[in-house]
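# Structural description and commentary
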Amino acid sequence: MAKKIVNLLILLPLGVILIVFCVANRQSVTLAFNPFRPDDPVLAVSAPFFVFLFIALISGMLIGSAATWFSQGKHRKRARTEAKEAIRWQGEADRHRTRAEDIASQLPSR
């Protein structure tokens, strides 16, 4: 419940600010990919400024997510290895328990 309230207190104002920012930056700008001839229409894209900002934001989030995913790979590998080992030890414990019960059932009762 507290997480929902914190998210609401952070994300709602952030969303409002983002919407106001988009409305304020509706003018069209040209992004030129040719540094030697910026007026070349083949390597230029015209769009509202907020579109480029959203593209930069989304690509930054994707790159950051990928970097985090790859940097945490060793932890995921260790978790998989330990899970397999835990399953193996559980199987061994079950075999020993079964064997102990078999031995206990073969002992004469008092």
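Looking at an unreviewed UniProt entry, the protein chain carries the name LapA family protein, with the source organism given as Rhizobium bangladeshense.

### Quick look at the environment of Ile-87
Within the secondary structure, Ile-87 is located in helix α3 (residues 73-106). A sequence separation of 77 residues divides Ile-87 from Ile-10, and the C-alpha atoms of the two residues are 42 Å apart.

### Describing the environment of Gly-60
With respect to the helices and strands, the residue Gly-60 is situated in helix α2 (residues 49-71). On the basis of relative accessibility, which here comes to 40%, the residue Gly-60 falls in the partly exposed class.

### Notes on the packing of α2 against α3
Remark: α2 packs on α3, axes separated minimally by 4 Å, with the N-to-C direction vectors making an angle of 45 degrees. The orientation of α2 relative to α3 falls into the category oblique. On α3, the residues touching Trp-69, Phe-70 and Ser-71 of α2 are Gly-73, Lys-74, His-75 and Arg-76. For the contact of α2 with α3, a count of residues per class yields two nonpolar, three polar and two charged.

### A few points about the UniProt feature "transmembrane region" (unreviewed entry) in the protein chain
The positions that UniProt labels "transmembrane region" (unreviewed entry) are, in the present scheme, residues 50-70. Taken end to end, residues 50-70 is 100% helix and 0% strand, and its first and last C-alpha atoms sit 30 Å apart.

### Considering the confidence of the model for the protein chain
Note that predicted coordinates carrying low pLDDT should not be read in detail. The share of residues in the protein chain with pLDDT of 70 or more is 98%, and the mean pLDDT across the chain is 89. Mean pLDDT values over the elements of the protein chain span from 85, in helix α1 (residues 2-24), up to 94, in α3.

### Focus: the packing of aromatic side chains
Following the criterion strictly, the structure yields one aromatic pair and no others. If you follow Arg-76 out to its NZ or CZ, it ends over the ring of Trp-69, 3.6 Å from the centre. Stacked on the ring of Trp-89, the Lys or Arg Arg-88 has its end atom at 5.2 Å from the ring centre.

### Some remarks on the side chain of Asn-25
As for its position among the elements, Asn-25 is in the loop between α1 and β1 (28-32). For Asn-25, a relative accessible area of 13% translates into the label buried.

### What about the pattern of salt bridges?
For the coordinates displayed, the defined rule picks out two salt bridges. In this structure, Glu-82 engages Arg-78 in a salt bridge whose closest nitrogen and oxygen atoms are separated by 3.0 Å. Pair noted here: Glu-82 and Arg-78 are both in helix α3, with a separation of four residues, about one helical turn. What makes Glu-82 partly exposed here is its relative accessible area of 43%. Overall, Arg-78 belongs to the exposed group, its relative accessible area being 56%.

Quick notes on the rules
Each chain has its residues counted from 1, following the order in which its sequence is written. Local features in a predicted model are, by the rule used here, given only for residues with pLDDT of at least 70; side-chain atom pairs are given and counted only at 80 or more, and totals for whole chains, interfaces and linings are based on all residues. Side-chain numbers come from the whole structure's heavy atoms, not from hydrogens or water. Counting from the N terminus, the helices are DSSP H or I runs at least four residues long and the strands are E runs at least two residues long. For every residue, the accessible area obtained with a 1.4 Å probe (protein chains only) is divided by the maximum for its type, and the residue is called buried under 20%, exposed over 50%, and partly exposed between those limits. Axis lines are fitted to C-alpha atoms, over the contacting stretch for helices. Their N-to-C directions set the angle, which ranges from 0 to 180 degrees. Roughly parallel covers angles under 35 degrees, roughly antiparallel covers those over 145, roughly perpendicular covers 65 to 115, and oblique covers all other angles. We call two residues contacting when some pair of their heavy atoms lies within 4.5 Å. Asp, Glu, Lys and Arg are counted as charged, while Ala, Val, Leu, Ile, Met, Phe, Trp, Tyr, Cys and Pro are counted as nonpolar; the rest, among them Gly, fall into the polar class. UniProt positions are given in the numbering used here, feature names are shortened, and annotations may be inferred rather than shown by experiment. One number per residue, pLDDT, summarises how confident the predictor is, and it ranges from 0 to 100. In this analysis, rings of Phe, Tyr and Trp, with Trp reduced to its six-membered ring, are considered paired at centre separations within 6.5 Å, and the interplanar angle assigns stacked below 30 degrees, edge-to-face beyond 60, and tilted for intermediate values. Working rule: Lys NZ or Arg CZ, within 6 Å of ring centre, within 35 degrees of ring normal, means a charge sits over the ring. When a carboxyl oxygen of Asp or Glu lies within 4 Å of a side-chain nitrogen of Lys or Arg, that pair is called a salt bridge.

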